[in-house]
Amino acid sequence: MSEPSQSLPVIKMDPSAYAVMEKPAEMEEDNIHYLSGKPFFHLVLSKSHVNRPFQFRTPVKFIPLLPSARVPVILRHGGKNWNMSYIGNCGFPRFDSNWKTFVLENDLKIGDACVFELMECSSTNLRFKVHVLRGDLPPELLAKVNSRGKTQDAPIVLD
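Residues numbered from 1 in each chain as written. Predicted model: local features only at pLDDT ≥ 70, side-chain atom pairs only at ≥ 80, totals over all residues. Heavy atoms only, no water.

**Q** What should I look at first to understand the sheet that holds strand β6 (residues 126-133) in this one?
**A** In space, the six strands of this open sheet follow the order β1-β5-β6-β2-β3-β4, with mixed pairing throughout. Of all strands in the sheet, those bounded by a partner on one side alone are β1 (40-44) and β4 (94-95). Where β1 meets strand β5 (residues 113-121), five bridges bridge the pair, whose relative direction is antiparallel. Paired with L43 across the bridge in β5 is C114. (Pairing = 2+ DSSP bridges. Helix = DSSP H or I, 4+ residues; strand = E, 2+ residues; numbered from the N terminus.)

**Q** Looking at this structure, how should I read the nonpolar core?
**A** Where a protein is soluble and globular, its nonpolar side chains tend to be buried together. L75, F95, W99, F116 and F128 are the most contacted members of the largest nonpolar core, which has 26 residues in total. It is β6 that provides the largest number of residues to this core, a total of four residues. Apart from the residues within four sequence positions on either side, L75 is in contact with K80, N81, W82, M84, F95, W99, F102, F116, F128 and V130. (Core = buried A, V, L, I, M, F, W, Y, C linked by side-chain atoms within 4.5 Å. Buried < 20%, exposed > 50% of the residue type's maximum accessible area, 1.4 Å probe, protein only. Contact = heavy atoms within 4.5 Å.)

**Q** Sorry if this is basic, but what is going on with the confidence of the model for the chain here?
**A** Close inspection of predicted coordinates is inappropriate in any region flagged by low pLDDT. Scored by pLDDT, the chain has a mean of 77; 65% of the residues are at 70 or more. Segment residues 1-30 is flagged for pLDDT under 50; beyond a separation of four residues in sequence, or across chains, it makes 35 contacts in the model. (pLDDT = per-residue confidence, 0-100.)

Right, dumping it as structure tokens:
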């Protein structure tokens with residue numbers, strides 16, 4: 001069963017388009033993660049990414065950077081690695097069904113965003129550093145939404 005086509009996310013692969021910053025020692029404890037200057041793409045997660053069928057298709061503009069073969073891939077996030085396969089030798093290059101494990105173990109939800117930074121790429125191996133950006137509202141804003149409703153007529157005002 002195929003789902004309606006979705007517009008692809010914007011892909012930014014030119015390292016000169018963004019600054020690569022060194023992380024000062026005092027920022028080590030912050031949960032700020034800087035991009036390294038390597039190619040990356042981002043994806044805002046939808047229902048099909050985080051629920052059955054747990055599909056992950058590689059954005060079309062990023063495919064030329066990856067091998068046209070089935071190769072092992074490591075996703076690294078939060079100091080932990082997830083092993084799966086990248087299937088690049090088919091009509092819709094994607095990660096295999098182990099993507100589901102990554103989703104469930106990281107409690108990913110609809111509306112969360114992931115930035116996939118390509119750290120290593122060869123004909124025999126891929127490695128991505130994954131930055132997860134949660135799509136939920138902070139508790140102080142959530143309280144305002146819950147007390148006023150979620151309508152266009154009752155916007156959340158930020159002071």
